[in-house]
Amino acid sequence: MGNTYLRFLSIVQTLNGTVATHTALDEVSKKLLEVVALRHQQGQAMSVSEAMTMHQIASPATIHRKLSGLLQSGWIQQVFEGKNRRTKYLAPTAAADAYFAQMDEVIEKAIQQINSTQ
């Protein structure tokens, strides 16, 4: 069985138990947050309209509801690019950046634990 992956999941669960604001996010919201952050990091900001077409994550109605929740909770923000004021783009906030920094630490800790047991 995948012991490395299971150890990683154990560490993530521990982290989720210590980060109260993050544990309130359901799986669909987490996935949307990850996609928004990844696209933003790659310099390809996602528009709200694009997000609504991600059928592999959820239905448009569910995506709209989850995006609203992420906005209200302070995980993402809507920004404009350039002079175009009609298109809103999604970007992670400082709270999301802090969460991803914590996840970096979890991954590093998991790697250290794996290396120490080999």
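Predicted, not measured: the structure shown is a model, and the values here were computed from it. (Residues numbered from 1 in each chain as written. Predicted model: local features only at pLDDT ≥ 70, side-chain atom pairs only at ≥ 80, totals over all residues. Heavy atoms only, no water.)

**Brief notes about the pattern of salt bridges**
Put simply, the test is: For this document, the term salt bridge refers to a Lys or Arg side-chain nitrogen within 4 Å of an Asp or Glu carboxyl oxygen. Only DSSP runs of H or I reaching four residues or more are called helices, and only runs of E reaching two or more are called strands; each is numbered from the N terminus.
Throughout the structure, instances matching the rule amount to three salt bridges. Across the salt bridge formed by Asp26 and Lys66, the nearest N and O atoms sit 2.7 Å from each other. Pair noted here: Asp26 is in the loop between helix H2 (20-23) and helix H3 (27-41) and Lys66 is in helix H5 (residues 60-73), with a separation of 40 residues, a long-range link. Between Glu27 and Lys30 there is a salt bridge, with the nearest N and O atoms lying 3.4 Å from each other. Taken together, the residues Glu27 and Lys30, both in helix H3 and three residues apart, mark about one turn of the helix.

**Brief notes about the confidence of the model for the protein**
Test applied: Confidence scores labelled pLDDT are given residue by residue by the predictor and lie between 0 and 100.
Predicted confidence across the protein gives a mean pLDDT of 85, with 87% of residues reaching 70 or more. Considering each helix and strand of the protein separately, the mean pLDDT is smallest for H2, with a value of 48, and largest for H5, with 95.

**Considering the sheet that holds strand S2 (residues 76-81)**
We count it as follows: Paired strands, as defined in this entry, are two strands with at least two bridges between them according to DSSP.
Spatially, S1-S3-S2 is the arrangement adopted by the three strands of the open sheet, whose pairing is antiparallel. What marks the edges here is a single partner per strand, and that holds for strand S1 (46-47) and S2. With two bridges joining them, S1 and strand S3 (residues 84-92) adopt antiparallel strand pairing. Bridged to Met46 within S3 is Leu90.

**Concerning the environment of Ala96**
Applied cut-off: Exposed residues in this analysis have more than 50% of their type's maximum accessible area, buried residues have under 20%, and partly exposed residues fall in between, with area computed by a 1.4 Å probe over protein chains only. Note on definitions: a residue-residue contact is assigned when non-hydrogen atoms from the two residues lie within 4.5 Å.
With respect to the helices and strands, Ala96 occurs in helix H6 (residues 94-117). Among the residues examined, Ala96 registers a relative accessible area of 0% and is labelled buried. Note: C-alpha distance between Ala96 and Ala37 (59 residues apart in sequence) is 8.0 Å. When neighbours within four sequence positions are excluded, Ala96 is seen to be in contact with Leu33 and Trp75.

**Quick look at the packing of aromatic side chains**
Definition in use: By convention, a stacked pair of Phe, Tyr or Trp rings (six-membered ring in the case of Trp) has centres within 6.5 Å and planes under 30 degrees apart, an edge-to-face pair has planes over 60 apart, and any other such pair is tilted.
This structure, assessed with the given rule, holds two aromatic pairs. When the ring of Trp75 is compared with that of Tyr99, the centres are 6.2 Å apart and the planes differ by 85°; the resulting orientation is edge-to-face. One end of the pair, Trp75, is in the loop between H5 and S2; the other, Tyr99, is in helix H6, with 24 residues separating them in the sequence. Judged by its relative accessible area of 4%, Trp75 is buried. Counting every residue linked through ring pairs, the aromatic cluster contains Trp75, Tyr99 and Phe100.

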